[in-house]
Amino acid sequence: MTKTQNGTQTDFIMSPTVDVCFAGLMENPVVRKGFCAAVMRVSPDLIGETMLLPTHLRRENAQDKLGILDVVVKLKDGTHINLEMQVRYFEFWDERALFYLSRMFSGQLEYGDSYKKLGKCIHVSILDFVRFPEDEKCYRTLHFRDDESSELYNDKMEIQILELKKLPEEVRTGEDIVDWMRFLKGKSREEFERMAETSVYFGEAYEALQRLSADERRRLEYEERDKALKDYNTQMSSALRQGQKIGEEIGEKRGREIGENAGIQLVFHVLNLHAQGKSAEEIAAVSNSSIEKVQMILQNVKSGF
């Protein structure tokens, strides 16, 4: 429970999918270690110390870089992990991920440095929208591979895509990365409390989440950000409805024109075949129309329409 300004109790808890909340969680070294271990598919004991690089800058206003969080973590072995939280559909997300992965990779070298210094770089896209609708996989790992043999070319550049919308409700896979996805998708204190009981890292994450939610300055920033996202989604939904309405009106008009043109063409086709001595049955077969429609056209011609 947290208190409001008038002293009343509230069950308010931040949602980790709002990027300012996720950023706050990643500032915690224990949470960061647990999450990075899940990304690397190793035990947290093997991660060692992690460092949050100063590329995560606070926004000047809620609209800046809407819906995207950029956090870069450096591991003890030199691996760089770029974490991006994206809560709305982004048309060129793949290109953006490749751009920032490439920039992170090349940014390791200074003038005159040997390529030997280049360490592994991982870009993690945490998406609250569906990127791959053709399957039910909620996370995937991508590398450079040979087109024919699928042999790995090099493992120093890697992309991981976590699709929160595709996370199964009840199924437990036993994979840490899926459990972290479940935590990030949590909406209530009850969900977070259940997760907190499963490991020290989720316990720390829940405590960090409670501290963030109780911090007045953080909460104001969170609410401003959440409002900006809701306003954006509302505006986009309104624009989509307007676009659909305009599209339907244009399509309806175009459909009538096409229908009229097709009807005129059918009449001329029927009359031409009739003039050649074809029967109604033959005309219907050739024109891919029904006998009844052919007979109606011929009858209307005889009666002068």
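What you see is a predicted model, and the numbers here were worked out from it, not measured in a lab.

Moving on to the nonpolar core. Across soluble globular proteins, nonpolar side chains show a tendency to be buried alongside one another. Counting residues in hydrophobic clusters, the biggest one holds 48 residues, and the most contacted among them are F35, L83, I126, W180 and F183. Looking at this core element by element, the count peaks at seven residues for helix 6 (residues 200–214).

The relation between two aromatic rings is expressed through the spacing of the ring centres and the mutual angle of the planes. Throughout the structure, instances matching the rule amount to nine aromatic pairs. Residues W180 and F202 carry aromatic rings whose centres are separated by 4.5 Å and whose planes lie at 45 degrees to one another, so their mutual orientation is tilted. Remark: F202 occurs in helix 6 and W180 occurs in helix 4 (residues 176–184); sequence separation between them is 22 residues. Overall, the relative accessible area of 4% leaves W180 in the buried class. For F202, a relative accessible area of 6% translates into the label buried. Centroid distance F183 to F192: 5.0 Å. Interplanar angle 55 degrees. Geometry classified as tilted.

Once that is clear, we can look at helix 4. Each full turn of the α-helix corresponds to 3.6 residues, which orients residues three or four apart in the same direction. Of all the nine residues making up helix 4, eight are buried; the element is thus mostly covered by neighbouring parts of the structure. Of all the residues in helix 4, the buried ones are I177, V178, D179, W180, M181, R182, F183 and L184.

Turning next to a negative patch on the surface. A cluster of like negative charges, contributed by D11, E190, E193 and E197, occupies part of the molecular surface. Among the residues examined, D11 registers a relative accessible area of 48% and is labelled partly exposed.

Note that strand 7 (residues 139–145) and strand 8 (residues 152–163) share six bridges and pair antiparallel. If you follow F144 over to strand 8, its bridge partner there is N154.

With that out of the way, let us pick up unusual backbone geometry. Positive phi is not limited to glycine here, since R41 has a value of about 60 degrees. On the secondary structure map, R41 appears in the loop between helix 2 (29–40) and strand 3 (50–52). Notably, S150 is not glycine yet its phi reads approximately 65 degrees, a positive angle. You can see S150 is positioned in the loop between strand 7 and strand 8.

Any two side chains of opposite charge can pair, on the condition that their charged atoms come close. Per the stated rule, a full pass over the model turns up 13 salt bridges. Measuring nitrogen to oxygen at the nearest pair gives 2.9 Å for the salt bridge that ties R140 to D135. Put simply, K166 and E163 hold a salt bridge, and the shortest N to O gap is 3.1 Å. Taken together, the shared-partner salt bridges in this structure form one network comprising D135, R140, E163 and K166.

Attention now goes to the side chain of N28. Mapped onto the elements of the fold, N28 is located in the loop between helix 1 (19–26) and helix 2. Look at N28 and you get buried, because its relative accessible area is 10%. At a separation of 3.1 Å, a polar atom in the side chain of N28 contacts the main-chain amide nitrogen of V31. A distance of 2.8 Å separates a polar atom in the side chain of N28 from a polar atom in the side chain of E204. In this structure N28 touches E204, A208 and R211, once residues within four positions along its chain are discounted.

Relative to the helices and strands, E282 is located in helix 8 (residues 280–286). Separated by twelve residues in the primary sequence, E282 and V294 place their C-alpha atoms 9.9 Å from one another.

Calculation notes
Residues numbered from 1 in each chain as written. Predicted model: local features only at pLDDT ≥ 70, side-chain atom pairs only at ≥ 80, totals over all residues. Heavy atoms only, no water. Core = buried A, V, L, I, M, F, W, Y, C linked by side-chain atoms within 4.5 Å. Buried < 20%, exposed > 50% of the residue type's maximum accessible area, 1.4 Å probe, protein only. Helix = DSSP H or I, 4+ residues; strand = E, 2+ residues; numbered from the N terminus. Phe/Tyr/Trp six-rings, centres within 6.5 Å; stacked < 30°, edge-to-face > 60°. Patch = residues over 30% accessible without salt bridge, like charges linked within 9 Å, V, L, I, M, F, W, Y side chains within 5 Å. Areas by Shrake-Rupley, 256 points an atom, 1.4 Å probe, with all protein chains shown as cover. Salt bridge = Lys/Arg side-chain N within 4 Å of Asp/Glu carboxyl O. Lys, Arg positive; Asp, Glu negative; His and termini not counted. Charge placed at Lys NZ, Arg CZ, Asp CG, Glu CD. Pairing = 2+ DSSP bridges. Polar contact = N/O pair within 3.5 Å; in protein donor to acceptor, adjacent residues only side chain to side chain. Contact = heavy atoms within 4.5 Å.

Treat this as a map of the structure, not an account of what it does.
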